[in-house]
Amino acid sequence: MNERKKTNLTVVVINCICAVVWNINLFVDLVYGYTNTVSFALHIVCAVVWDICAFVWILRYRNEKKDNG
């Protein structure tokens, strides 16, 4: 009952690409001076959360590969 599904490399890559794209979006907001502070704060929160998720997916994938040999 406590079985976890295998981590798929495709999911890891797509999640990392999305995190990078959102970080670029945040960088563009910083460079061009985003005026809506609420939306800008949400962009920051989303970028941080997505980076954390991508990092967790990478760790899961790496640990699975290490355990399987």
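Residues numbered from 1 in each chain as written. Predicted model: local features only at pLDDT ≥ 70, side-chain atom pairs only at ≥ 80, totals over all residues. Heavy atoms only, no water.

A.B. asks: Where do I start with the side chain of H43 in this structure?
C.D. replies: Of note, H43 is situated in helix α2 (residues 37–68). The class of H43 is buried, set by a relative accessible area of 13%. With sequence-adjacent residues up to four places away left out, H43 is seen in contact with W22, N25, L26, D29 and Y34. (Helix = DSSP H or I, 4+ residues; strand = E, 2+ residues; numbered from the N terminus. Buried < 20%, exposed > 50% of the residue type's maximum accessible area, 1.4 Å probe, protein only. Contact = heavy atoms within 4.5 Å.)

A.B. asks: Even after reading the chapter, I still don't get α2, so can you show me in this structure?
C.D. replies: Owing to its 3.6 residues per turn, the α-helix aligns residues three or four sequence positions apart on the same side. Between its first and last C-alpha, α2 extends 47 Å over 32 residues, near the 46 Å set by a 1.5 Å rise per residue. Residues S39, F40, H43, A47, A54, Y61 and E64 constitute the buried set of α2. Buried residues along α2 sit in contact with α1 (9–32). The residue sitting at the N-terminus of α2 and contributing the capping side-chain oxygen is N36; that oxygen lies 3.3 Å from the backbone nitrogen of V38. (Expected span 1.5 Å × (residues − 1). Polar contact = N/O pair within 3.5 Å; in protein donor to acceptor, adjacent residues only side chain to side chain.)

A.B. asks: Please clarify how the packing of aromatic side chains should be interpreted in this entry.
C.D. replies: Aromatic ring pairs are described here by two measures, namely the spacing of the ring centres and the angle between the planes. Across all of its chains, the model carries one aromatic pair by this definition. Between the aromatic rings of W22 and W50, the centroid separation amounts to 6.3 Å while the plane-to-plane angle is 35°, which identifies the pairing as tilted. With W22 in helix α1 and W50 in helix α2, this residue pair connects regions lying 28 residues apart in the sequence. For W22, a relative accessible area of 23% translates into the label partly exposed. Note on W50: relative accessible area 27%, which makes it partly exposed. (Phe/Tyr/Trp six-rings, centres within 6.5 Å; stacked < 30°, edge-to-face > 60°.)

All quantities given are derived from atomic positions and should not be read as evidence of function.
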